[in-house]
Number of protein chains: 2
Amino acid sequence: MSSVYWDGRRFVGKEEIRISPDDRGYYFGDGVYEVFRVYGGRLYEPKAHFDRLVRTADGLRLKLPLSVEAIEENLTRLIAHNRLSEGTVYMQITRGAAPRSHPFPQEAEPVVLAYCNEVPRPAASMEAGIKAITVPDIRWLRCDYKTLNLLPNVLAKQEALDAGAQDAILHRDGTVTECSASNIMIVKDGAVVTHPADNWILHGVTRGVVLRLARASEIETIERAFTVEELLNADEAFITGTTVEVTPVVAVDGQAIDNGSPGPVTRRLQREFAATIG
Amino acid sequence: MSSVYWDGRRFVGKEEIRISPDDRGYYFGDGVYEVFRVYGGRLYEPKAHFDRLVRTADGLRLKLPLSVEAIEENLTRLIAHNRLSEGTVYMQITRGAAPRSHPFPQEAEPVVLAYCNEVPRPAASMEAGIKAITVPDIRWLRCDYKTLNLLPNVLAKQEALDAGAQDAILHRDGTVTECSASNIMIVKDGAVVTHPADNWILHGVTRGVVLRLARASEIETIERAFTVEELLNADEAFITGTTVEVTPVVAVDGQAIDNGSPGPVTRRLQREFAATIG
């Protein structure tokens, strides 16, 4: 973990961070967050992350305490302070501290928490792929907002680990939505299929990059809901996310996807993605 | 707000409370809570609250750091320290602090936060009733767990206030579930009707008390789902909750319930409830 934090005003040591017990993030999960990827000391796809941050904050009617430009500048300084080359920046912004009451407080200043982590690219799992289980998607109906209400994601991830898998693929009554903290795509007859970017899934930044790369590579992309059965009968499956990048899914619920090895479209997209990192 | 807090170990001043930025309550809303009513310096219906606390903690696989008996003893001491006669005790327990990662941490100690508030009985709204609006229920599917993932409740409550109402009545595709922080009951042809205590609603302590009081008063009670239309055409409607007690709903979406005045069954149940306070 990084030693220098950014609290929205200053760069301080972690031990100087003071979270109020009255922080609405603590009482209600009333806040937004982003996990940025850092490659070569630089934020990857910052605009897409900031667009999503603004969209979530608008949805929650949470007024960001700084402009996006100022936030980006400070996160860049945070990376420099921590001499981070390859890793992540975690940032969350809550509605601030106020005596506990559901309505928005009249006077509360948003609370920013940001820090870096050194995180290597997930070479092993990108090479071998992961096993996943399917779990009912019991989340709220604004999964497109990236908020601190993450308990169902936590429970799904833990359920996967307990089952000896690496992640949980969520489905609503048999319709696959996404994973506990990443999006999922399948390949069928050469086309990449993934759930539309509506309120049932988070609009992943890596999801967007991969769809763009697929189109540029003249791979057909189809944004439509698909079922667990289609997933089990897919030619290939992979997840996309800020830290998992493009990771193959080689088995679901104990059943191999195709021959149980990462497929050629997945491999192609991994290479295309790696090329964007520079 | 009370001056003495309980942090699970000691009774301390609020200024001594230190929440870690790594607290899973802050990152994920990964915690449980209860709001207890205090009348005459004593916890009201403590067993029902503790049963629910244990049930939620079990559902989240969050091991409580103390026995229910020890928690109750400490909350009683907290009330005494604060010389509270009429008010509430707020208590939340999170899974503890650990570097941010979705799975349950191997080593983290649950973090307790508990304090008192002086809160008078809501005499004015119990007398006059409140106005409410209907809002789609977009929450997750384990509303029976009392967790810190409360963002949809916050947004619904704020929407109600913005509309000039006092609370939001939630519905899933026209089926009324509950309110932003209370349960709702209607009266039709002399019978009290309320949503069954399943995963779509919080199993309110006051809800349980009121159903019991109705039965003891030979008022028919029916636990079944009802629609927004049935609500609008009800003879009476009221909400139940730890701080709202039994509060009439006299208008919904700008439409009066019956003649727009609290009805006789509601009044009867208010009296019966007041008698249990002692």
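Residues numbered from 1 in each chain as written. Chains lettered and ligands numbered in written order. Predicted model: local features only at pLDDT ≥ 70, side-chain atom pairs only at ≥ 80, totals over all residues. Heavy atoms only, no water.

**Remarks on the overall build of chain A**
Okay, step 1: A count of helices and strands for chain A gives eight helices and 16 strands.
Okay, step 2: Relative to the compact-globule value of 19 Å for 278 residues, chain A shows a C-alpha radius of gyration of 19 Å, a close match.
Okay, step 3: Taken along its principal axes, the extent of the C-alpha atoms in chain A is 55 × 40 × 30 Å.
Okay, step 4: Per-residue burial over chain A gives 58% buried out of 278 residues.
Okay, step 5: Considering only intrachain contacts with a sequence separation of at least 6, the fraction spanning at least 24 residues in chain A is 72%.
Okay, step 6: Only carbon and sulfur atoms are counted for the fraction: they give 49% of the accessible area of chain A, which is about 11100 Å².
Okay, step 7: Distance between charge centroids for chain A: 4 Å, based on 31 positive and 38 negative side chains. (Helix = DSSP H or I, 4+ residues; strand = E, 2+ residues; numbered from the N terminus. Rg over C-alpha atoms; globule rule 2.2 N^0.38 Å. Buried < 20%, exposed > 50% of the residue type's maximum accessible area, 1.4 Å probe, protein only. Contact = heavy atoms within 4.5 Å. Areas by Shrake-Rupley, 256 points an atom, 1.4 Å probe, with all protein chains shown as cover. Lys, Arg positive; Asp, Glu negative; His and termini not counted. Charge placed at Lys NZ, Arg CZ, Asp CG, Glu CD.)

**Topic: the relation of the copies chain B and chain A**
Okay, step 1: Turning chain B through 180 degrees and shifting it by 0.0 Å along the axis lays it on chain A, with an RMSD of 0.0 Å. These values place the two chain copies in the arrangement generated by a two-fold rotation axis.
Okay, step 2: Here 98% of the contact residues of chain B are again contact residues in chain A; the copies associate through an equivalent surface. (Least-squares fit on C-alpha atoms with pLDDT ≥ 70 in both.)

**Considerations on the side chain of Thr-206 of chain A**
Okay, step 1: As for its position among the elements, Thr-206 of chain A is in helix 6 (residues 205-216).
Okay, step 2: When its relative accessible area of 4% is taken as the criterion, Thr-206 of chain A is described as buried.

**Observations regarding the pairing of strand 9 (residues 175-179) of chain A**
Residues and elements named next belong to chain A.
Okay, step 1: Where burial is concerned, most of strand 9 is hidden: five out of the five residues are buried.
Okay, step 2: When strand 8 (residues 167-172) meets strand 9, the two strands line up antiparallel, connected through three bridges. What sits directly across from Ile-169, in strand 9, is Cys-179.
Okay, step 3: Connecting strand 8 to the next strand, strand 9, in antiparallel fashion are two residues, including Asp-173 with a positive phi near 50 degrees. (Pairing = 2+ DSSP bridges.)

**Things to note about helix 2 (residues 46-59) of chain A**
Residues and elements named next belong to chain A.
Okay, step 1: End to end, helix 2 covers 20 Å across 14 residues, agreeing with the expected 20 Å (1.5 Å per residue, within 8%).
Okay, step 2: Along helix 2, the residues classified as buried are Pro-46, His-49, Phe-50, Arg-52, Leu-53, Thr-56 and Ala-57. Down the axis of helix 2, the sector holding all buried residues measures 160 degrees, keeping them to one side. More than 90 degrees from the buried face of helix 2, the exposed residues found are Lys-47 and Asp-58.
Okay, step 3: Where the residues of helix 2 are buried, they touch strand 3 (31-39), strand 4 (42-43), helix 3 (68-81), strand 5 (87-94) and helix 6.
Okay, step 4: Looking at the residues trailing helix 2, positive phi occurs at Arg-61, about 50 degrees. (Expected span 1.5 Å × (residues − 1). Arc of directions from axis to C-beta.)

**A word on the domain arrangement of chain A**
Interface size is commonly expressed as the accessible area that is lost once the parts come together.
Residue and element names in this part refer to chain A.
Okay, step 1: The domain architecture assigned to chain A consists of domain 1 (3-118) and domain 2 (123-277).
Okay, step 2: Using C-alpha coordinates to define each centre, domain 1 is positioned 26 Å away from domain 2.
Okay, step 3: In this assembly, 24 residues from domain 1 lie in contact with 20 residues from domain 2.
Okay, step 4: Carbon and sulfur atoms make up 58% of the surface buried where domain 1 meets domain 2, a total of about 1900 Å² over both sides.
Okay, step 5: The largest per-residue losses of area from domain 1 upon contact with domain 2 belong to Tyr-33, Tyr-44 and Arg-52, which jointly make up 33% of the total buried on that side.
Okay, step 6: Counting across the interface, domain 1 meets domain 2 through two salt bridges.
Okay, step 7: The closest approach of N and O atoms between Arg-55 and Asp-144, which form a salt bridge, is 3.0 Å.
Okay, step 8: Here domain 1 and domain 2 share eleven residue pairs in polar contact (both at pLDDT 80 or more) between them.
Okay, step 9: Looking at the side of domain 1 that touches domain 2, the elements that each hand over two or more residues are helix 1 (24-28), strand 3, helix 2 and strand 5.
Okay, step 10: For the side of domain 1 that touches domain 2, the leading source of residues is strand 3, giving eight residues.
Okay, step 11: For the side of domain 1 that touches domain 2, the residue count by class is ten nonpolar, nine polar and five charged. (Domains from an automatic or database assignment. Buried area = accessible area lost by both parts, 1.4 Å probe. Salt bridge = Lys/Arg side-chain N within 4 Å of Asp/Glu carboxyl O. Polar contact = N/O pair within 3.5 Å; in protein donor to acceptor, adjacent residues only side chain to side chain. Nonpolar A, V, L, I, M, F, W, Y, C, P; charged D, E, K, R; others polar.)

**Regarding the nonpolar core**
Okay, step 1: With 86 residues, the main nonpolar core has Leu-75, Val-89 and Met-91 of chain A together with Leu-75, Val-89 and Met-91 of chain B as its most contacted residues.
Okay, step 2: In this structure, Met-91 of chain A is in contact with Trp-6, Val-32, Tyr-33, Glu-34, Phe-36, Leu-53, Ile-71, Leu-75, Val-112, Leu-113 and Ala-114 of chain A, ignoring residues within four places of it in sequence. (Core = buried A, V, L, I, M, F, W, Y, C linked by side-chain atoms within 4.5 Å.)

**Structural notes on the packing of aromatic side chains**
When we look at a pair of aromatic rings, we describe it by the centre distance and by the angle of the planes.
Residue and element names in this part refer to chain A.
Okay, step 1: This model, assessed by the stated rule, comprises 18 aromatic pairs over all chains.
Okay, step 2: Judged by centre distance (5.2 Å) and plane angle (50 degrees), the rings of Phe-36 and Phe-50 are tilted. Linking Phe-36 in strand 3 with Phe-50 in helix 2, this pair joins segments that are 14 residues apart in sequence. For the pair Phe-36 and Phe-50, one class covers both residues: buried. (Phe/Tyr/Trp six-rings, centres within 6.5 Å; stacked < 30°, edge-to-face > 60°.)

**A look at helix 3 (residues 68-81) of chain B**
Residues and elements named next belong to chain B.
Okay, step 1: With 14 residues, helix 3 should cover 20 Å at 1.5 Å per step; its first-to-last C-alpha distance of 20 Å lies within 8% of that length.
Okay, step 2: Taken residue by residue, helix 3 has Ile-71, Asn-74, Leu-75, Leu-78 and Ile-79 as its buried positions. The buried residues of helix 3 occupy an angular sector of 145 degrees when projected down its axis, which confines them to one face. Facing away from the buried surface of helix 3 by more than 90 degrees, the exposed residues are Glu-69, Glu-73 and Ala-80.
Okay, step 3: Positive phi appears at Arg-83, one or two residues downstream of helix 3, with a value of about 50 degrees.

**Brief notes about the packing of helix 6 (residues 205-216) of chain B against helix 8 (residues 264-277) of chain B**
Residues and elements named next belong to chain B.
Okay, step 1: Two elements in contact, helix 6 and helix 8, have axes separated by 10 Å at closest approach and are oriented at 110 degrees. Relative to helix 8, helix 6 is oriented roughly perpendicular. When you trace helix 6 past helix 8, the crossing you get is right-handed. Residue-level contacts link Thr-206, Val-209, Val-210, Leu-213 and Ala-214 of helix 6 to Leu-269, Glu-272, Phe-273 and Thr-276 of helix 8.
Okay, step 2: Grouping the amino acids of the contact of helix 6 with helix 8 by side-chain chemistry returns six nonpolar, two polar and one charged. (Axes fitted to C-alpha atoms, helices over the stretch in contact; angles between N-to-C directions. Parallel < 35°, antiparallel > 145°, perpendicular 65-115°, else oblique. Left-handed = near helix turned anticlockwise from the far one by under 90°.)

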